Amino acid sequence: MNDSGNNNNNNNSDNGNNSNNNNSGGVGGFINPVFVSDQINNETQTFTVTVNVTNNFGYDLTVNSINATVESSQDNYPLGAISLTAPVTILAGQTSEVTVSGFWTQDAENYVLNNYGNATSIDVNLVNTTIDVNGITIQSTQPINVGNIPLT
């Protein structure tokens with residue numbers, strides 16, 4: 001969320017600091033995303049994040065939707081929202097890439113600039129998270145710690 005207007009891409013293979021594999025338990029231990037890459041468009045205040053999700057169950061899972069609000073872990077300040085880009089089927093015992101897209105508000109950008117200065121990343125939580133898997137809706141009442149995400 002810098003003010004340069006540039007598009008930025010981060011990839012876990014380029015920078016080991018972008019991993020969110022923090023053993024946070026994901027959604028009830030059911031979904032534990034591992035950061036792969038992101039793309040940030042500062043001009044439109046939008047981003048996409050791709051994570052690997054492993055299906056540890058003995059049957060295929062189709063993730064139909066994901067919706068959540070993104071908040072700062074430090075003080076629960078709302079930063080934006082995310083949603084699943086497209087449904088993804090994860091075969092039993094396999095790992096698939098899941099991509100979410102989102103946006104941040106001008107208030108959130110001002111907040112980050114004023115409170116995090118020259119930071120290149122921030123710890124965030126997902127709140128009010130709703131996930132539809134195989135037609136079953138899972139709602140998390142607790143914050144889901146995503147870990148440290150890049151800002152540039």
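Residues numbered from 1 in each chain as written. Predicted model: local features only at pLDDT ≥ 70, side-chain atom pairs only at ≥ 80, totals over all residues. Heavy atoms only, no water.

Attention now goes to the overall build of the protein. Scanning the protein from N- to C-terminus turns up one helix and 10 strands. Seen in sequence order, the protein has helices and strands lined up from the N terminus as β-β-β-β-β-β-β-α-β-β-β. By the burial criterion, 39% of the 152 residues in the protein qualify as buried. If you take every contact in the protein between residues at least 6 apart in sequence, the share linking residues at least 24 apart comes to 65%. When the accessible surface of the protein is totalled, it reaches about 8000 Å², and 44% of it is carbon and sulfur. (Helix = DSSP H or I, 4+ residues; strand = E, 2+ residues; numbered from the N terminus. Buried < 20%, exposed > 50% of the residue type's maximum accessible area, 1.4 Å probe, protein only. Contact = heavy atoms within 4.5 Å. Areas by Shrake-Rupley, 256 points an atom, 1.4 Å probe, with all protein chains shown as cover.)

Our focus in this paragraph is helix 1 (residues 106-116). Among the residues of helix 1, A108, E109, Y111, V112 and Y116 are the ones counted as buried. Summarising the axial view, the buried residues of helix 1 lie within an arc of 160 degrees, below the 170-degree limit, and thus occupy one face. In this structure, helix 1 carries D107 and N114 as exposed residues pointing more than 90 degrees from its buried face. G117, located one to two residues past helix 1, shows a positive phi value of around 50 degrees. (Arc of directions from axis to C-beta.)

Before going further, it helps to examine the confidence of the model for the protein. Considering every residue of the protein, the mean pLDDT works out to 82; 80% of them sit at 70 or more. Strand 6 (residues 88-90) holds the highest mean pLDDT among the elements of the protein, 97, whereas strand 1 (residues 7-11) holds the lowest, 48. Here residues 11-25 scores under 50 on pLDDT; set against residues more than four positions off or in separate chains, the count is 24 contacts. (pLDDT = per-residue confidence, 0-100.)

Turning to the packing of aromatic side chains, a few remarks are in order. Summed over all chains, the structure comprises four aromatic pairs. Seen from their ring centres, F47 and W104 are 6.3 Å apart, and the 15 degrees between their planes marks the pair as stacked. Of this pair, F47 sits in strand 3 (residues 46-54) while W104 sits in strand 7 (residues 95-104), and the two are 57 residues apart along the sequence. The structure contains a cluster of three or more aromatic residues connected by ring pairs, namely Y77, Y111 and Y116. (Phe/Tyr/Trp six-rings, centres within 6.5 Å; stacked < 30°, edge-to-face > 60°.)

Position of N64 among the secondary structure elements: in strand 4 (residues 61-72). Once you skip the residues sitting within four places of it in the chain, N64 turns out to touch L84, P87, D132, V133, N134 and G135.

What follows is about the nonpolar core. I66, L79, I82 and V98 are the most contacted members of the largest nonpolar core, which has 29 residues in total. Taken together, the elements giving at least two residues each to this core come down to strand 3, strand 4, strand 5 (78-84), strand 6, strand 7, helix 1, strand 8 (121-133) and strand 10 (144-150). The residues touching V98, leaving out its near neighbours within four places in the chain, are V49, T50, V51, V53, I66, L84, V88 and I90. (Core = buried A, V, L, I, M, F, W, Y, C linked by side-chain atoms within 4.5 Å.)

Direction of pairing for strand 4 relative to strand 8: antiparallel, over a ladder of eight bridges. Bridge pairing in strand 8 places N67 opposite T130. Here strand 8 runs beside strand 10; their pairing, made up of six bridges, is antiparallel. Following the sheet pairing, S121 is matched in strand 10 by P150. Of the pairings in the sheet, the one linking strand 8 to strand 9 (residues 136-140) comprises five bridges and is antiparallel in character. Bridged to I131 within strand 9 is I138. The hairpin turn running from strand 8 into strand 9, its antiparallel successor, is two residues long, and N134 in that turn takes a positive phi close to 55 degrees. (Pairing = 2+ DSSP bridges.)

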